[in-house]
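Observations on chain architecture
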Number of protein chains: 2
Amino acid sequence: MFDEILCRIVDETKGGIGAVLMGYDGIAVDQYFLPREGFDLQLVAVEYANILKEVRKTAEILRSGETEEVSIRTEKYYVIIRTVGDEYFVVMTLERDGNYGKARYLLTREVPQLLSALA
Amino acid sequence: MFDEILCRIVDETKGGIGAVLMGYDGIAVDQYFLPREGFDLQLVAVEYANILKEVRKTAEILRSGETEEVSIRTEKYYVIIRTVGDEYFVVMTLERDGNYGKARYLLTREVPQLLSALA
């Protein structure tokens, strides 16, 4: 059920590599990724989970309201972290030349589906 | 000179609030912001400087290449952090309903100008 939603997000995005649904405790609920040499999506998700925690703390200090999304662009990849309720988030990775706008749109579209599946 | 470039970025973006050019040591080189009650752009920049440091460390661990941009969307704001060479970055804040795409474009357009001004 989760993997179907994650699969839709990755497959419908040009350049999509993978997506993990994860709790703030760093434990993955489910994941979907295209086979790819030398790329450990699980490790990526765990590392970025820590970033998201820092970002949330910062948003609290600055009273910016809830953190909804964090995007990181490096030389090689885009990583988009989308919060799903208070306890979960999705980490999605795509190629640097992938369709970043589409990925953000699909994540936003599928969050309600993920939330009802988690309920 | 720096403030002119920062001013262009903020003023040409619908919903632009302010932009700070900062070193990784947390010291601001220059800044430009629209007067706004209850909003401390300097504090925002310092807090997000720490996030950027974490993101860079993570990118190193994951061998993702240089970090170029980090975007954070909260209930109230967008914050875009754009690296400018190895030692500096710009933190730009805009309204949640501001033109995020335009802000990213303008930051990308002005990075070479900031780099030559810093040289």
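Right above here is the structure, for reference.
This section reports on the structure supplied with the text. In this text, all values refer to a predicted model and were calculated from it rather than measured experimentally. (Residues numbered from 1 in each chain as written. Chains lettered and ligands numbered in written order. Predicted model: local features only at pLDDT ≥ 70, side-chain atom pairs only at ≥ 80, totals over all residues. Heavy atoms only, no water.)

1. Here's the deal with helix α1 (residues 2–11) of chain B
Because each turn of an α-helix spans 3.6 residues, side chains separated by three or four positions in sequence point in the same direction. Residues and elements named next belong to chain B. Under the convention used in this document: Buried residues are those whose accessible area, probed at 1.4 Å on protein chains only, stays under 20% of the maximum for their type, while exposed residues exceed 50% and partly exposed ones sit between those limits. Helix numbering and strand numbering both begin at the N terminus, where a helix is a DSSP run of H or I of at least 4 residues and a strand a DSSP run of E of at least 2. Arc definition: it is the arc formed by the directions from the helix axis to the C-beta atoms. Only heavy atoms matter for contacts: two residues are in contact if any of them lie within 4.5 Å across the pair.
Those residues of α1 lying buried are F2, I5, L6, I9 and V10. Along the long axis of α1, the arc covered by the buried residues comes to 135°, so they all point the same way. In this fold, the buried residues of α1 make contact with β1 (16–23), β2 (28–33), β5 (88–95) and α3 (100–118).

2. Some remarks on the pattern of salt bridges
How we decide: Salt bridges are defined by distance alone: a side-chain nitrogen of Lys or Arg within 4 Å of a carboxyl oxygen of Asp or Glu.
Scanning the model with the defined rule gives 16 salt bridges over all chains in all. One salt bridge in this structure joins E68 of chain A and R96 of chain B, with 2.6 Å as the shortest N-O distance. Separated into two different chains, E68 of chain A in strand β3 (residues 67–74) and R96 of chain B in the loop between β5 and α3 make up a pair that spans both. With relative accessibility at 30%, the residue R96 of chain B sits in the partly exposed group. Put simply, E68, E69 and R104 of chain A together with R73 and R96 of chain B are held in one network by salt bridges that share partners.

3. Quick notes on the interface of chain A and chain B
This is how it is decided: Two parts placed together each lose some accessible area; with a 1.4 Å probe, that loss summed over both constitutes the buried area. Identification of polar contacts relies on pairs of N or O atoms within 3.5 Å, with a donor-acceptor requirement for protein atoms, meaning one able to donate a hydrogen and the other able to accept it, and with residues adjacent in sequence counted only if both atoms are side-chain atoms. Polar here means any residue outside two lists: the nonpolar Ala, Val, Leu, Ile, Met, Phe, Trp, Tyr, Cys and Pro, and the charged Asp, Glu, Lys and Arg; Gly therefore counts as polar.
With 32 residues of chain A at the interface, the matching set in chain B holds 32 residues. Summed over both partners, the interface of chain A with chain B buries about 2700 Å², with 54% contributed by carbon and sulfur atoms. The largest contributions to the chain A side of the interface with chain B come from L62, E68 and R73 of chain A, which together make up 21% of the buried area. Counting across the chain A and chain B interface gives six salt bridges. Along the contact surface separating chain A from chain B lie 18 residue pairs in polar contact (both at pLDDT 80 or more). Of all the secondary-structure elements, those providing two or more residues to the side of chain A that touches chain B are α2 (41–61), β3, β4 (77–84) and α3 (100–118) of chain A. The residue inventory of the side of chain A that touches chain B, partitioned by class, reads 13 nonpolar, seven polar and twelve charged.

4. Describing the relation of the copies chain A and chain B
Here is the rule we go by: A residue counts toward the fit only if its pLDDT is at least 70 in both copies, and the copies are then superposed by least squares on the C-alpha atoms of those residues.
Of the two same-sequence chains, chain A is brought onto chain B (RMSD 0.0 Å, axial shift 0.0 Å) by a rotation of 180°. Between the two chains, the operation in question is that of a two-fold axis. Considering only C-alpha atoms, the part of chain A nearest the rotation axis is S71 of chain A, at 2.5 Å. In this assembly the copies share their binding face: 100% of the residues contributing to the interface of chain A also contribute to that of chain B.

5. Digging into the pairing of β1 of chain B
Residues and elements named next belong to chain B. Definition in use: Only strands joined by at least two bridges in the DSSP assignment are considered to pair.
Of all eight residues making up β1, eight are buried, and the element is well covered by its neighbours. As defined by bridge partners, β1 adjoins β5 across seven bridges and the pair is classed as antiparallel. Following the sheet pairing, G23 is matched in β5 by Y88. Both β1 and β2 contribute to a ladder of five bridges, which runs antiparallel. Within β2, the residue paired with A19 across the bridge is Y32.

6. A few points about the packing of α2 of chain A against helix α2 (residues 41–61) of chain B
The geometry of a pair of packed helices is captured by two quantities: the angle between their axes and the separation between those axes. Inclusion rule: Axis lines are fitted through C-alpha atoms, for helices just across the contact stretch, and the angle between N-to-C directions can take any value from 0 to 180 degrees. Here is the rule for angles: anything less than 35 degrees is roughly parallel, anything more than 145 is roughly antiparallel, 65 through 115 is roughly perpendicular, and the remaining ranges are oblique.
Contact geometry for α2 of chain A and α2 of chain B: axes closest at 10 Å, N-to-C directions at 180°. Taken together, the axes of α2 of chain A and α2 of chain B lie roughly antiparallel to each other. Listed contacts from α2 of chain B to E47, Y48, I51, E54, V55, T58 and I61 of chain A of α2 of chain A are E47, Y48, I51, E54, V55, T58, A59 and I61 of chain B.

7. Some points on the packing of α1 of chain B against α3 of chain B
Residues and elements named next belong to chain B. As a packed pair, α1 and α3 sit with axes 10 Å apart at the nearest point and diverge in direction by 180°. Taken together, the axes of α1 and α3 lie roughly antiparallel to each other. The segment α1 lies against α3, with F2, I5, R8 and I9 engaging L106, L107, R109, E110, Q113, L114, A117 and L118. In terms of residue class, the contact of α1 with α3 is made up of eight nonpolar, one polar and three charged.

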